[in-house]
Amino acid sequence: MISALFVIGTLIIVFLYFRANWATIRSGGNMIASGKFWFGIFVLVCGLIISAVQPFTMERVDAGHVGIKVNLTGDDRGVSKFEYKTGWVIYNTWISKLYEFPTFQQHIDYPEQQVITKGGFSATIKPSFNYALKPGDIGDMFSNLRLDVKQIEQQWLQTAIVGTVNDVANKWAVDDIFNQREQFESDIVAEANKRVAKWFTISQLRTNITPPEALQQSIEAKTKAIQEVQVAENQRLVAIAEGDRKIAQARADSAAQVIAASGEAEAIRRKQVSLNGTYIEYLKIQKWDGQLPQVQSGNGGGIILSLDKKKD
């Protein structure tokens, strides 16, 4: 940007110079031989050279970033001499340098690493997480590390995160890691924030941890066995519940039968009570057709035969 402005300024100056001295140059008869012409060319060449080698530059510190202008001269090489900058910044690249650090959330995916869990088992992790820089401590961070943000991500921060994962994994049994992964990763986030809290805030960490193949098969077998035990326990509870239901049903049926038998016995008893002599005689009369028997005994104890007369 600054070089372009130098070039434009040089061209304008040379143009105005030739315009102001055009009549003098033409009156000399030979414009090329005129000293003023060559002076104009000299100014143009010098201006272009200065534009190419001048050390000044202009950069813009975007919103959501903090700019640090660092002095490169002196015994401390700028460690104790830096300024926070925002907006457009002009500086001399020979003696100063501008660093930009984002203050909003950044996401990082690190390559695969090996960690050792409790018991000496190795596992593979591929950490991914978000981080945010603490704006007020960026100058202090640069004074200590003297790196830009990308270099810090791949060096200091990576060492801190991978070291944290390894140290926390050393305290966890491998099967507990996979059975309680959420708690495992929460412990890592808490420990990581303790270690980098001076300059960073860590969140949304995922270890993406995978065990060795043999151990993974063992874990899968153990998980399957646990699931089978749970299924068997559920079946046992279902069988107990079904047995209880059948017992209750049998008791209900038995009670119903007892009630029915009791009712029937009561009905018979009442019928027996109501069957007295008078009622029996009444039933006989109701069923008599009005005809006497053909053989009767008389008052004197003789037998009377009723004989039908034959018709001639």
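Look up a bit, the structure's there.
Since the structure is predicted, the reported quantities are computational estimates derived from the model, not experimental observations.

**Student:** I keep staring at a nonpolar patch on the surface and nothing clicks. Help me out?
**Tutor:** Taken together, the side chains of Ile8, Ile12, Phe15 and Leu16 define a hydrophobic patch exposed on the protein surface, amounting to about 400 Å² of accessible area. Relative to the assigned elements, Ile8 resides in helix H1 (residues 2-20). With relative accessibility at 47%, the residue Ile8 sits in the partly exposed group.

**Student:** In this structure, what is going on with unusual backbone geometry? I would like to understand it.
**Tutor:** As a rule of thumb, non-glycine residues mostly have phi less than zero, and peptide bonds are mostly trans rather than cis. Within the chain, Arg146 stands out as a residue other than glycine whose phi angle is a positive 55°. By the secondary structure assignment, Arg146 is in the loop between helix H4 (138-145) and helix H5 (149-169). Positive phi values are uncommon outside glycine, yet Asn208 reaches one of about 50°. If you trace the backbone, Asn208 turns up in the loop between strand E10 (200-206) and helix H8 (213-274).

**Student:** Would you take a moment to explain the sheet that holds strand E9 (residues 128-133) for this structure?
**Tutor:** Taken in spatial order, the three strands make up an open sheet running E6-E9-E10, and their pairing is antiparallel. Edge positions in the sheet fall to strand E6 (106-109) and E10, since each has one partner strand and no second. The mean inter-strand angle of the sheet, taken between neighbouring strand axes irrespective of direction, is 25°. Bridge count between E9 and E10: five bridges; the pairing is antiparallel. Across the sheet, the residue bridging to Ser128 is Arg206, located in E10.

**Student:** Is there a simple way to think about the packing of aromatic side chains in this case?
**Tutor:** To describe a pair of aromatic rings, you give the distance between the ring centres and the angle between the ring planes. Tallying each qualifying case throughout the model produces seven aromatic pairs. Ring centres of Trp156 and Phe200 lie 5.8 Å apart, and the angle between their planes is 20°; this geometry places the pair in the stacked category. With Trp156 in helix H5 and Phe200 in strand E10, this residue pair connects regions lying 44 residues apart in the sequence. Using a relative accessible area of 26% as the deciding quantity, one classes Trp156 as partly exposed. Note on Phe200: relative accessible area 2%, which makes it buried.

**Student:** Help me understand the pattern of salt bridges in this model?
**Tutor:** Note that side chains of opposite charge can pair when their charged atoms are close. On inspection of all chains with the given rule, the structure shows seven salt bridges. A salt bridge links Asp140 to Lys198, with the nearest nitrogen and oxygen atoms 3.8 Å apart. Here Lys198 lies in the loop between helix H7 (181-196) and E10 and Asp140 lies in helix H4, a separation of 58 residues in the sequence. The exposure class assigned to Lys198 is exposed, which follows from its relative accessible area of 51%. Across the pair Glu153 and Lys150 runs a salt bridge, and its minimum N-O distance is 3.8 Å. Of the two residues, Glu153 and Lys150 both sit in helix H5, three residues apart, roughly one turn of that helix. By sharing partners, the salt bridges in this structure join Asp167, Glu191 and Arg195 into a single network.

Conventions used here
- Think of each chain on its own: its residues are numbered from 1, step by step along the sequence as written.
- In keeping with the predicted nature of the model, local features appear solely for residues at pLDDT of at least 70, side-chain atom pairs appear and are counted solely at 80 or more, and the whole-chain, interface and lining totals rest on all residues.
- Side-chain metrics in this entry use all non-hydrogen atoms of the structure; hydrogen atoms and water are not considered.
- Two joining distances apply to patches: 9 Å for like charges and 5 Å for nonpolar side chains (Val, Leu, Ile, Met, Phe, Trp, Tyr), and every residue must have over 30% relative accessible area and no salt bridge.
- Note on areas: Shrake-Rupley, 1.4 Å probe, and residue coverage restricted to the protein chains presented here.
- Each reported salt bridge corresponds to a side-chain nitrogen of Lys or Arg within 4 Å of a carboxyl oxygen of Asp or Glu.
- Only DSSP runs of H or I with at least four residues qualify as helices, and only runs of E with at least two residues qualify as strands; both kinds are numbered from the N terminus onward.
- Classification of residues uses two cut-offs on accessible area relative to the type maximum, computed with a 1.4 Å probe and protein chains only: under 20% is buried, over 50% is exposed, and between them is partly exposed.
- What makes two strands pair is DSSP finding at least two bridges between them.
- Axes here refer to lines fitted to C-alpha atoms; in helices the fit is confined to the stretch in contact. Angles between the N-to-C directions go from 0 to 180 degrees.
- For Phe, Tyr and Trp, rings pair up if their centres lie within 6.5 Å, where Trp contributes its six-membered ring, and each pair is then called stacked (planes under 30 degrees apart), edge-to-face (over 60) or tilted (otherwise).

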